[in-house]
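Summary of the model geometry
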Amino acid sequence: MPDSDAELVRGLYTSLRRFAAVVGFPAVEPDDLVQQALERVLRRGRLCDLDDPMSYLRRTMLNLAANARRSNGRHRRALTRLTRAAEPAPTSYPSDLAELQAISPDARAVLYLAVIEQWTYAEIGDLLGCTEDAARTRAVRARRQLRSRVEGEDG
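Residues numbered from 1 in each chain as written. Predicted model: local features only at pLDDT ≥ 70, side-chain atom pairs only at ≥ 80, totals over all residues. Heavy atoms only, no water.

1. Considerations on the packing of helix α1 (residues 5-23) against helix α5 (residues 105-116)
Defined as follows: Fitting a line to C-alpha atoms yields each axis, with helices limited to the stretch in contact; the angle taken between N-to-C directions then spans 0 to 180 degrees. Every helix listed is a DSSP run of H or I at least four residues long, and every strand listed is a run of E at least two residues long, numbered separately from the N terminus. Throughout this description, any angle smaller than 35 degrees is read as roughly parallel, any larger than 145 degrees as roughly antiparallel, any in the 65 to 115 degree range as roughly perpendicular, and the remainder as oblique. Should the near helix be turned counterclockwise from the far one by less than a right angle, the crossing is left-handed, whereas a clockwise turn marks it as right-handed. Should any heavy atoms of two residues lie within 4.5 Å, those residues are counted as being in contact. Gly is put with the polar residues, along with every residue not named as nonpolar or charged; the nonpolar set is Ala, Val, Leu, Ile, Met, Phe, Trp, Tyr, Cys and Pro, and the charged set is Asp, Glu, Lys and Arg.
Remark: α1 packs on α5, axes separated minimally by 8 Å, with the N-to-C direction vectors making an angle of 130 degrees. One finds that α1 runs oblique with respect to α5. For the crossing formed where α1 meets α5, the hand is right-handed. In this structure, α1 uses R18, F19, V22 and V23 to contact α5, whose residues at the interface are P105, R108, A109, Y112 and L113. When the residues that make up the contact of α1 with α5 are grouped by side-chain class, the tally is seven nonpolar, no polar and two charged.

Right, dumping it as structure tokens:
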């Protein structure tokens, strides 16, 4: 086990950044999300004192991503109320990740951990604070939601 928080961060950073890229809000760079999570966790104490710092940091990033998504939704609704209907909508460009970004950070995290990292649903449930069955249900719903978005775009 690393003796310092700096060594621990160096060892975990690549995996944390990859996770942040998957669950993060599109307007937030993955490095920024990792930095915010580290800042939040280190305010409470040392990383070395945590039983499972990777899981703790991943959960923190999920919370930060969900907060950013809610905040952006409130901001977008406020702008909609303030702008006139006659103004043209801003141009948006299609993206391969648009469908994935449309589902919640928790759903993206479940898919990432199950498909890419090949975690068991029990491990995912531990990270998200739910049961194995609930994690499996979230994965099924996320896949269904993603499939319907992709098929809706093709059809």
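Don't stop here, the text continues.
2. What about the nonpolar core?
Our working definition: By convention a nonpolar core is built from buried Ala, Val, Leu, Ile, Met, Phe, Trp, Tyr and Cys residues, the set being connected through side-chain atoms within 4.5 Å. We call a residue buried when its accessible area falls under 20% of the maximum for its residue type, exposed when it is over 50%, and partly exposed in between, using a 1.4 Å probe and counting protein chains only.
L16, F19, V23, L57, M61, L113 and I124 are the most contacted members of the largest nonpolar core, which has 31 residues in total. Mapped onto this core, the elements with two or more residues apiece are α1, α2 (30-44), α3 (53-82), α5, α6 (121-128) and α7 (132-154). Tallying contributions element by element places α1 first for this core, with seven residues. Not counting residues up to four positions away in its chain, the partners in contact with V23 are L33, L62, A65, P105, R108 and A109.

3. Quick look at α6
Residues lying three or four places apart along an α-helix face the same way, a consequence of the helix completing one turn every 3.6 residues. Heads up, the condition is: To obtain the arc, one takes the directions from the helix axis to the C-beta atoms.
Along α6, the residues classified as buried are Y121, I124, G125, L127 and L128. Here the buried residues of α6 occupy an arc of 160 degrees about the axis, which is enough to place them on one side. Of the residues flanking the end of α6, it is G129, one or two places downstream, whose phi is positive at about 75 degrees.

4. Observations concerning the side chain of R108
Applied cut-off: Positive charges come from Lys and Arg, negative ones from Asp and Glu, while His and the chain ends are left out of the count. Criterion for a salt bridge: a side-chain nitrogen of Lys or Arg within 4 Å of a carboxyl oxygen of Asp or Glu. Pairs of N or O atoms within 3.5 Å make up the polar contacts considered here, provided that, within protein, one atom can donate a hydrogen while the other can accept it, and that residues adjacent in sequence are counted only when both atoms are side-chain atoms.
Position of R108 among the secondary structure elements: in helix α5. No salt bridge is formed by the buried R108, whose closest oppositely charged neighbour, D106, lies at an N-O distance of 8.9 Å. Within polar-contact distance, the side chain of R108 engages the backbone oxygen of G24 at 3.0 Å. When sequence neighbours within four positions are dropped, the list of residues in contact with R108 reads V22, V23, G24, F25, L100, Q101 and I103.

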